[in-house]
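# Survey of secondary and tertiary structure
This is what each chain is made of:
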Amino acid sequence: MSPDQLHRQLLKAHADGDTAAIIRLYTLAADHAEQKADVNAACFFLTHAFVFALEAGAPEADRLNLRLFKYGRETRQKL
């Protein structure tokens, strides 16, 4: 998926209030940033995905927290 497509889908997911899609798309954006070795961007997107996952009680929250922890951006939570 191109960055433009990802951006459009994120905007739509936010407009629709589709939390599952928001989490998935921010995680995908983080994956793309990691592939480009852009840790700051990856952590930005991971943080957004993590916050939405926490708010939703989504099971992805633990995995997202671990990814942030590995970058030294978050303390490890027991979720």
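The structure we're discussing is the one just above.
We now turn to the structure provided with this report. (Residues numbered from 1 in each chain as written. Predicted model: local features only at pLDDT ≥ 70, side-chain atom pairs only at ≥ 80, totals over all residues. Heavy atoms only, no water.)

## Thoughts on the packing of helix α2 (residues 19-35) against helix α3 (residues 39-56)
One way to put it is that α2 packs onto α3 with a least axis distance of 8 Å and a crossing angle of 160°. When the axis of α2 is compared with that of α3, the two are roughly antiparallel. α3 is crossed by α2, and the crossing has left-handed handedness. Side by side, α2 and α3 meet where T19, I22, I23, Y26, T27, A29, A30, A33 and E34 of the first sit next to A41, A42, F45, L46, H48, A49, F52, A53 and A56 of the second. The residue inventory of the contact of α2 with α3, partitioned by class, reads 14 nonpolar, 3 polar and 1 charged. (Axes fitted to C-alpha atoms, helices over the stretch in contact; angles between N-to-C directions. Helix = DSSP H or I, 4+ residues; strand = E, 2+ residues; numbered from the N terminus. Parallel < 35°, antiparallel > 145°, perpendicular 65-115°, else oblique. Left-handed = near helix turned anticlockwise from the far one by under 90°. Contact = heavy atoms within 4.5 Å. Nonpolar A, V, L, I, M, F, W, Y, C, P; charged D, E, K, R; others polar.)

## Some words on the packing of aromatic side chains
Evaluation of the coordinates by the stated rule reveals 3 aromatic pairs. An angle of 20° between the planes, with centres 6.2 Å apart, marks the rings of Y26 and F52 as stacked. Here the residue Y26 occupies a position in helix α2, and F52 occupies one in helix α3, the gap between them amounting to 26 residues. Classification of F52 by relative accessible area gives partly exposed; the value is 22%. Taken together, a centroid distance of 5.3 Å and an interplanar angle of 75° make the contact between F44 and F45 edge-to-face. One aromatic cluster is present, formed by Y26, F44, F45 and F52 through successive ring pairs. (Phe/Tyr/Trp six-rings, centres within 6.5 Å; stacked < 30°, edge-to-face > 60°. Buried < 20%, exposed > 50% of the residue type's maximum accessible area, 1.4 Å probe, protein only.)

## Some words on α2
For α2, built from 17 residues, the straight-helix expectation of 24 Å at 1.5 Å per residue is met to within 8% by its first-to-last C-alpha distance of 24 Å. Every buried residue belonging to α2 is among A21, I22, I23, L25, Y26, T27, A29, A30 and A33, and all of these are buried. Here the buried face of α2 lies against α1 (3-16), α3 and α4 (60-70). Immediately downstream of α2, the backbone of A37 shows phi near 60°, a positive value. (Expected span 1.5 Å × (residues − 1).)

## Some details on the nonpolar core
In this structure, L25, A53 and L64 are the most contacted members of the largest nonpolar core, which totals 19 residues. Elements with a minimum of two residues in this core: α1, α2, α3 and α4. Broken down by element, the residue count for this core peaks at 7 residues, all from α2. Setting aside chain neighbours within four positions, we find L25 in contact with L6, Q9, L10 and A13. (Core = buried A, V, L, I, M, F, W, Y, C linked by side-chain atoms within 4.5 Å.)

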